[in-house]
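# Structural overview
Listed below are the residues making up each chain.
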Amino acid sequence: MEHSTEIILTIAGIVLVHGLIFYFLTRKSRLIKGKHVVVTGGSSGIGLWAAIECVRLGAHVTIIARNVSLLEKAIEELEKRRVRDTQMIQFRSLDLAQSYGAVTSTLEELERTVGAIYMLINCAGMAICGTVEDTSVEDARKLMDVNYFATYYPTRHVLPKMKEAGDGIIVITASQAALMGIYGYGAYAASKFALRGLAETIAMEARHRGVSVTLALPADTDTPGFENENRTKPEETKIISGSGGLAKPEDVGKRLVQDALKGSFFSIMGLESWVLSILCVGMAPWRGPLLCFVQFYLLGPLRLIGLVLQWNFQRIIKNCAKQRQRT
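Values in this document were obtained by computation on a predicted structure and should not be read as measured data.

### Some details on helix H6 (residues 186–206)
Compared with an ideal rise of 1.5 Å per residue, which puts 21 residues at 30 Å, H6 spans 30 Å between its outermost C-alpha atoms and is within 8% of the ideal. Of the positions making up H6, those classed as buried are Ala187, Tyr188, Ala189, Ser191, Lys192, Leu195, Arg196, Leu198, Ala199, Ile202, Ala203 and Ala206. Against helix H5 (137–165), strand E5 (168–173), strand E6 (211–216) and strand E7 (266–267) lie the buried residues of H6.

As structure tokens, then:
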């Protein structure tokens, strides 16, 4: 009897392993060659490199941002990566947080001149650091406008059109701060948590209509925005967030596009981001049997690691407070 049970378990294990291998070998990326991709925040940083990757893959690419001079420089970089003479590469200058009407008007014009938007990559955003009480109400509102509404408005416009077409990809760029609250990131984290809620809702509402959503969770990345962010960071925040190193925008932008084309819900880079995404997976959408299997078995042990990290964060905060008292 025991021998028979061992045989059954062995066979089941072999079938499971081969099933998982087959799943990942047959999982294909969608193609964007000849399709229209819009990248917000595409004049620099992660957005620019995401746009570069889309140009490399043969898409018609429109980048949107506010600063015209930066947009013109970005277009020069995109033109260098052109792979087809017929590719349309252009920009629009727009304050995405201004109003839904302004965003809709611009996107409708693009749809008429270039074609339906097949992929929307939301990379517009900013960071202002400070404890909750040290962050002004005006800055807190600005963060919500730039990080949330500048993503919500274009997403709200393209989503029903993608549903009607039965196909489409939406990328929402958040941050690791969308997974956990971090000292000095109160208002910023709130805006990024809102983006995670938006992404999970879209995944539930639109998956059956052929629309996929990817939530990008980059760690600190070497961008112009990160330089500005560092000017307002409390010492505690620098120590806590600095432990994960500094990613290259070209790596993050390329990974973001590739994950979106594969239909992954989370787009992450590095061990720290991977561990955090497992710890904070919650009710995130199903994305394959292997990942769910890993999450099931690692959640317990990783929770212990998370508690140790939280203890270390509190130690850093207390040490910084003592240091300030001495000075």
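### Considering the sheet that holds E5
Taken together, seven strands build an open sheet; the order of strands is E3-E2-E1-E4-E5-E6-E7 and the sheet is parallel. Every other strand in the sheet has two partners, leaving strand E3 (89–93) and E7 as the edge strands with one partner each. With six bridges connecting them, E5 and E6 associate as parallel partners. Looking at E6, one finds that Val171 is bridged to Thr214. Those strands touched by H5 are strand E4 (117–122), E5 and E6, and its axis lies near 160 degrees from that of E4.

### So, the UniProt feature "transmembrane region" (unreviewed entry) in the chain
Mapped onto this numbering, the UniProt entry annotates "transmembrane region" (unreviewed entry) at residues 6–25, 264–284 and 296–313. Overall, residues 264–284 shows 43% helix and 10% strand. The separation of its end C-alpha atoms is 11 Å. Between the end C-alpha atoms of residues 296–313 the distance is 26 Å, and the span holds 100% helix and 0% strand.

### Notes on the UniProt feature "coiled-coil region" (unreviewed entry) in the chain
Under the UniProt annotation, the feature "coiled-coil region" (unreviewed entry) is placed at residues 61–88. This span, residues 61–88, is 46% helix and 18% strand, and a straight line between its end C-alpha atoms measures 6 Å.

### Looking at the pairing of E6
Counting buried positions along E6 yields six of six residues, so the element is predominantly enclosed. With burial as the criterion, each face of E6 is covered, one bearing Val211, Val213 and Leu215 and the other bearing Ser212, Thr214 and Ala216. Note on the crossover from E5 through H6 to E6: the handedness is right-handed. With two bridges joining them, E6 and E7 adopt parallel strand pairing. Bridged to Leu215 within E7 is Phe266.

### Side note on the pairing of strand E1 (residues 36–40)
Taking burial as the measure, the five residues of E1 include five buried ones, the bulk of the element. Here E1 shows two buried faces, one formed by His36, Val38 and Thr40 and the other by Val37 and Val39. Sheet topology places E1 next to strand E2 (residues 60–65); five bridges connect them, and they run parallel. Looking across to E2, one finds that Val38 is bridged to Thr62. After leaving E1, the chain enters helix H2 (residues 45–56) and then returns to the sheet as E2, a path that is right-handed. Bridging between E1 and E4 involves five bridges; their strand directions are parallel. Along E4, the bridge assignment pairs Val37 with Met119.

Thresholds, definitions, all that
- Residues numbered from 1 in each chain as written.
- Predicted model: local features only at pLDDT ≥ 70, side-chain atom pairs only at ≥ 80, totals over all residues.
- Heavy atoms only, no water.
- Helix = DSSP H or I, 4+ residues; strand = E, 2+ residues; numbered from the N terminus.
- Expected span 1.5 Å × (residues − 1).
- Buried < 20%, exposed > 50% of the residue type's maximum accessible area, 1.4 Å probe, protein only.
- Contact = heavy atoms within 4.5 Å.
- Pairing = 2+ DSSP bridges.
- Axes fitted to C-alpha atoms, helices over the stretch in contact; angles between N-to-C directions.
- UniProt positions renumbered as here; feature names shortened; annotations may be inferred.
- Right-handed = clockwise from strand over helix to strand, strands pointing away.

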